[in-house]
Structure formats: C-alpha cells, structure tokens
Amino acid sequence: MTKKSYIQAITDALDIMLKEDPKTLIFGEDVGKNGGVFRTTQGLQEKYGEDRVFDTPLAESGIMGLAIGLGLTGWRPIPEIQFMGFTFEAVDSIAGQMARMRFRFNGKKTSPITIRTPYGGGTHTAEMHSDNLENFFTGIPGLRVVMPSNPYDAKGLLISSIENNDPVLFLENLKLYRSVKDDIPDEKYTVPLDKANVVQEGNDITIVAYGAQVQEAQKAAEELAKDNISCEVIDLRTVSPIDTETIFKSIEKTHKVVIVQEAQKMAGVGAQVASAIAEDAILSLDAPVGRVAAPDSVYPFAQAEEVWIPRKAEIVEKVKEIINY
Amino acid sequence: MASKSIVDFAKIKEDLSDLPKQIQVVDENAKIIDQDVFKSFSDDQLVEFMKKMVWERALHEQTMNFSRQGRMGFYAPTAGEEATEMGTVMAMEKQDYLLPAYRDIPQLIQHGATVTEAYWWSRGHVRGNEFSARALMPQIIIGAAYLETAGVAMGLKKNGEDAIAFTYTGDGGTSQGDSYEGMNFAGAYQLPALFIVQNNGYAISTPRKKQTAAVALTQKAIAAGIPSVQVDGMDILACYSVAKAAREYILAGNGPVMIETLTNRYGAHSSAGDDPSRYRTKEEQQPWLDRDPLIRMRKILTDKNLWSQEQEDKLVEEYKNSFKEAIKEADAVEPEKVSDMLKRTFEVPTPELKAEIAEFEEKESK
C-alpha cells in the first residue's frame, strides 16, 4: 500500500499494463517526453521506449484513427485526448467508427481501445477544457463510459478498461487529479466495469452520484448525519451502462432518491437513472425523484464556475427537500 | 503606395498553378507512350489486364441490372473506372490491408471478398462483412478510411510485416479534413500507406473545380511531405505500373505515397436515384467515353492478335452467369435477427442488452 493521488493511481495502472501486455501502446499530444500536460504519463516513455509511448501530431481525429487501425492489426491502444472538450474533433472516429467495429464485423474485427481524457470543472481553465461531456457519449451503442471518483477506483477501473476488448471512454476528473489521496495497493488489481459501488450505507435516502460529485455527496451525507438524516451514497463508476440493480436495491430500503451530476441537467446520466427508476422501481419511492445538476447553459467561463457547478450545499438542500416531502 | 512589395503573392500563386506531368503508358488512341514500360509486360499479362476490366464492366452492368429489378440495396456504379480500380488493386498483394470506400467494391472482391458477400453488403446483411480478405467493409464516411489507413499502416509496421495499407477516396474526399490528417500522420511516422485519389470529376453533382483552388489533387499530399503523382486513370497499364512502383517504394521503408488517377464515372453517383443530367452535359461527357479504358486495351490486344470480340462476348456471358449464381446464393441467406445484432454490440453485454436480447429471442422464436 502506498498513499497515492488520483493521477498517480492512473500512472500506476498505465505502468502495470505497459509492463504486462506488450501489445499496449500509449499515444497522444505531449504524452511522450513531456509526460502529458498533467504528467499522467510521466516517465513512461523513458521506461518503455518510443515504440510504446509516443507523441502524435496535433489532431484528435487522427489520434483516434491511429487507435482504430492499430486495434485492427493486433494492438491494444490507450490513446489520450488532452482535454475532453477536444473529443468533439473526433466524434466520427469514436461514435461512427470505433464503437461500431464489433457490430459491423460480427466480432471478427474489434476496437480494444481505452481513450483517456480529463474533464470536469473547478480549476478555472480556458474554454472547452472543463466541460462534462459524458451526456453526449453515453448514448453511443458499443462504447462504455467510465468515470472514477477516487484513486483506488481510478487504478482498478483503468486496468479493467484496458483489459476489456471493447472501446472504453475513460474520463479523468481534473479537480480530483491532485486533490485526493488514498492508500492503494502497489500490485495489479481490478475494479469491475458496469458495476456501481455503495460507498456509504444509510437508511433514509439514496444519493446517486459519479465522478467528482461522489466526494461532494459524501461531504453532504456527513453534514446531513448531524441532522440525523442517514444517507446511502452510490457511486455509479460506469455511467454507460448504468448499474440499475444496485440503485433499485438501495431505494427499496430508503424509498427516496436524489441523483447528482456535475453536467447540465438535460438528456443525460441523471435523466437515464430517473427514467430507469420511473420505469422499473417507481413503487419503491414515497417521494419524487430529486435531481441536482448544473443548469442548461454552455459550460461557464472560469469566473462564474463556482456558482454554476453544483456542490455540497445544493445536495444538502435537495436531500432535505425530498426528506421533508 | 507604389513602393516595391516585400513579397509577390501573385507570382507565388502563379507557381502553384503548374500542372503535374500526367503519367501514361498508352494514350487514348492506343498509341504507346512509354515503350519501356509497355515492353515489360508479357502477352499473358496484357490479356489479364483486359480480362479484369471486362470483369469489372460486366459486374457493373449485371449489378445495375439487379438494381433495376429491385434486388440490390445501396450500390455505387463503377463503369468508366475500370482502369484505375483494377490497375491499382492488381499491384497489391493479399497480405496488404485494403480500406475501401463505397465505389471500391470491385477492388474488395479482387482482394478476396466474394461477389455474394458484396451483394450481402449492398443489401445490408452482416454476412457481407465477414469476408476473409484483409480489408474493412466499404467506408461510407468520407475521410474516415484515410485516418484508419494511417493506423493500420502503423500496426503493420510495428508487426514487422511485409505489407502495406492502401485506401481510396474520390476528388470530393480530398476536401475532408480527415483525409489530410490521415496523410499527415502517415507522413509524420513514415508509415507504409498508399493513398489513392480516384478523381472522377464529380462529388455527386459538385464538380472538381469547386472542391479546391489547388490545380491538382496531388498538391494535397505536398503539405504532408508525401510524394504524389498524377496518372491517366483510363490507362490500366499506367495505373498498375505506378501503383506497383509505389508499393515497392513504400515497402522499402520510404514512407507513404499518394496517387491521383484522372477518371470518369459514366453513370450516376449511386443506385439511389441520382440523375447526372442535372449537373453534367453530354458534350462534356463525350471525350471521356472516347477515352474508355477498355477501348484502348481492346485495340492493343486486337492488333497483337491476342483478343477477339467473340472471346470478349463469351467472357462477359461467363462473368454475368457467375454474378447470377452469386445473387442466388445471396438470396438464400437467413435474415439477420435483432437478437444477434444486440449480441454483437459488446463482447460482454450490458444488463440492458441482456434484457433486450431475451426479449427479442422470444419474439424471434415465434
């Protein structure tokens, strides 16, 4: 066990997979000598050579095309898109090509690719660097979207993603990169894909969250405990597909739910969770579904960010509203 | 101000308008332009080139016939493009990786897919993509194949294979940013990739001159640091010879090449209701028909006593019969099941998919 940050946990996973599987390749803008703009791939080129870890020309669509072609010829690519906002440049490659490979060729050709990219607000970046775009990518058949909320999960989920034979969009939260540290095992371990995690048990209400909002939800639960409100906090871990079974099981016990996301409210992960509950578990509830999300504007410029992003206070308020319904 | 300009942009622009030399082995009057290259072919080889073009023309005619009978799905007519399509693919080896576009079905078949599989692809059945040929299914998104070609070429290089990746797009395809990205990546990493631009003059209805101010599409490769060459796309000997030379150059580790072939599609953009008379005149079209690749090859072979009309008619009949057999086989396939489609979305199905698979299996068992 070593105390590691979220970013160190990711580097650790990449190091293990480069070592274990000679077919893995890491590439992207500035990932080689520079070790990535956040230093996520620091030291990996030095350790494994330029054949395994290399810089690309500045073109996201080209990076994804490279990944697809390498996947077709026996390699296991782990490309990086420098910021999630830049994935817009590569939407055809991801949604139109990569995610359809297994379907098109009836499994005879596949895309065993893990795309890593940082996202998320609260670090006052330039425009297009902080957007939570998971809502945009969760509706693509053939693509998994994974969003770890802590260092332990980041390492285990990244290893599972790389070992998976289908494409995974692995989203790394910018604010969590250096703000959280956990004791994590030094050796290889996996955290299963497609499974949510009950991070805190409780009896009065279920809070469903993912990514950086899991930490906010836990802080809110701590504060609500002072008012004798016992919260069960669920971390989705994988947001496409969503593990509804774990959610249903929880609300059968608590009869109340608040769904939290940092992304805008429209047509996304929270909406999907709410709709799944409405369809298959509505009778478990004795109050309306509560939702905490960002408002439906374009992601704000840096100055307005802290007002726009939902935080602990909004979660506490919403939980009280649902509890007192 | 009458002061002398620091730079003469007009002169620079003028320099950009120099047309590249177009490579020909045999011209439209069947006159041999390059004796050395021509003499390098045996009589058997010359006959083989002709046979391939006759095969492609017969495939086009018979398939369009099936299309008019309502027996095909989406299919892009290929008449007029026999020299560029057959010439380039004949220069490739089976271990090479083909990334075709939708007008490149004839090359896909030459590279190892069956006609039946091509018909399944056209009709929209997954069996059409399960060919053993080292190739992707025809790409619909313009530019995507160029990107993926860079990736496949990098994979082949890393594997240490004696193989290249080769791909096709059209004149319109060179306007797509992804086409440039693909060539640029291949250039940056010096990858074994061959980019072929089949310039047939029109992207559906939009003429070549509206696509770009570049006077030749070969110029598109210059910015990526890739050698490029323009070839008479109605001259199969030129198309083959240039593609073969490109393959050798690429395999020697020299990085990618781009070839622009000047050709013409005689028919519509696709079988889905395009009417070329809306954007193309007969007068404009006639010179291309006069340059037909089969006419000049037929003349050369006939002069050498290697070919006769009877022989050609017999071949056409033989080929067309084989296509009729192929479509019969295509007819016999079981329709796809939705439950099978759901199963091939992921290797490990998601919980939602598992439920949907069960639902459709029940529906489809009735």
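These numbers were taken from a predicted model, which means no experiment stands behind them.

Visitor: A description of the overall build of chain B should follow, citing residues and the corresponding values.
Guide: Scanning chain B from N- to C-terminus turns up 16 helices and eight strands. Relative to its 366 residues, chain B shows a buried fraction of 54%. Taking the contacts inside chain B whose residues are at least 6 apart along the sequence as the reference set, 74% of them involve residues at least 24 apart. When the accessible area of chain B is evaluated, it comes to approximately 16,300 Å², of which 52% is carbon and sulfur surface.

Visitor: How would you summarise the pairing of strand β7 (residues 228-232) of chain B if you had to cite specific residues and measurements?
Guide: Residue and element names in this part refer to chain B. Pairing analysis gives two bridges linking strand β1 (residues 22-23) to β7, with the strands arranged parallel. Across the sheet, Q22 pairs through a bridge with Q230, a residue of β7. Looking at chain direction, β7 and strand β8 (residues 257-262) are connected through five bridges and run parallel. From the neighbouring strand, Q230 faces β8, where its bridge partner is E260. In this view, the connection linking β7 to its parallel neighbour β8 by way of helix α11 (residues 236-254) has right-handed handedness.

Visitor: How would you summarise unusual backbone geometry if you had to cite specific residues and measurements?
Guide: All names here are of chain A. Put simply, S240 and P241 share a cis peptide bond, and its omega is 5 degrees. Here P241 lies in the loop between β12 (238-240) and α10 (244-254). A positive phi is found at H255, a non-glycine position, where the angle reads about 65 degrees. Tracing the backbone through its elements, the reader meets H255 in the loop between α10 and β13 (257-264).

Visitor: Help me get a handle on the domain arrangement of chain B, residues and values and all.
Guide: When its domains are assigned, chain B resolves into domain 1 (20-270 + 286-334) and domain 2 (336-366). Using only C-alpha atoms to locate each centre, domain 1 of chain B and domain 2 of chain B end up separated by 38 Å.

Visitor: Lay out a nonpolar patch on the surface with the relevant residues and their values.
Guide: A cluster of nonpolar residues, F9, I12 and L16 of chain B, forms a patch on the protein surface that exposes about 330 Å² of accessible area. A residue is classified by how much of its surface remains accessible, and L16 of chain B, at 52% relative accessible area, is exposed.

Visitor: So, the pairing of strand β5 (residues 114-119) of chain A: which residues are in play, and what are the values?
Guide: All names here are of chain A. Where burial is concerned, most of β5 is hidden: six out of the six residues are buried. Residue alternation in β5 divides its side chains into two sets, T114, R116 and P118 and I115, T117 and Y119, and both sets are buried. The pairing of β5 with strand β7 (residues 168-173) spans six bridges and is parallel. The residue bridging I115 from the neighbouring strand is L169, located in β7.

Visitor: Lay out the packing of aromatic side chains with the relevant residues and their values.
Guide: Evaluated as defined, the whole model comprises 21 aromatic pairs over all chains. Between F49 of chain B and Y240 of chain B the ring centres are 4.9 Å apart and the planes differ by 65 degrees, which places this aromatic pair in the edge-to-face class. Highlighted residues: F49 of chain B in helix α3 (residues 43-68) and Y240 of chain B in helix α11, separated in sequence by 191 residues. Using a relative accessible area of 2% as the deciding quantity, one classes F49 of chain B as buried. With centroids separated by 5.8 Å and ring planes inclined at 90 degrees, the aromatic side chains of F66 of chain B and Y119 of chain B adopt a geometry described as edge-to-face. With a gap of 53 residues between them, F66 of chain B in helix α3 and Y119 of chain B in helix α6 (residues 115-123) connect regions that are remote in the sequence. With relative accessibility at 2%, the residue F66 of chain B sits in the buried group. The class of Y119 of chain B is buried, set by a relative accessible area of 1%. Taken together, the ring pairs connect Y6, F38, F83, F86 and Y177 of chain A into an aromatic cluster. Taking the ring centre of W75 of chain A as reference, the NZ or CZ of K23 of chain A above it sits at 4.1 Å. It is R344 of chain B that lies over the ring of F103 of chain A; its NZ or CZ is 4.1 Å from the centre.

Parameters and conventions
- Residues numbered from 1 in each chain as written.
- Chains lettered and ligands numbered in written order.
- Predicted model: local features only at pLDDT ≥ 70, side-chain atom pairs only at ≥ 80, totals over all residues.
- Heavy atoms only, no water.
- Helix = DSSP H or I, 4+ residues; strand = E, 2+ residues; numbered from the N terminus.
- Buried < 20%, exposed > 50% of the residue type's maximum accessible area, 1.4 Å probe, protein only.
- Contact = heavy atoms within 4.5 Å.
- Areas by Shrake-Rupley, 256 points an atom, 1.4 Å probe, with all protein chains shown as cover.
- Pairing = 2+ DSSP bridges.
- Right-handed = clockwise from strand over helix to strand, strands pointing away.
- Domains from an automatic or database assignment.
- Patch = residues over 30% accessible without salt bridge, like charges linked within 9 Å, V, L, I, M, F, W, Y side chains within 5 Å.
- Salt bridge = Lys/Arg side-chain N within 4 Å of Asp/Glu carboxyl O.
- Phe/Tyr/Trp six-rings, centres within 6.5 Å; stacked < 30°, edge-to-face > 60°.
- Lys NZ or Arg CZ within 6 Å of the ring centre and 35° of its normal.

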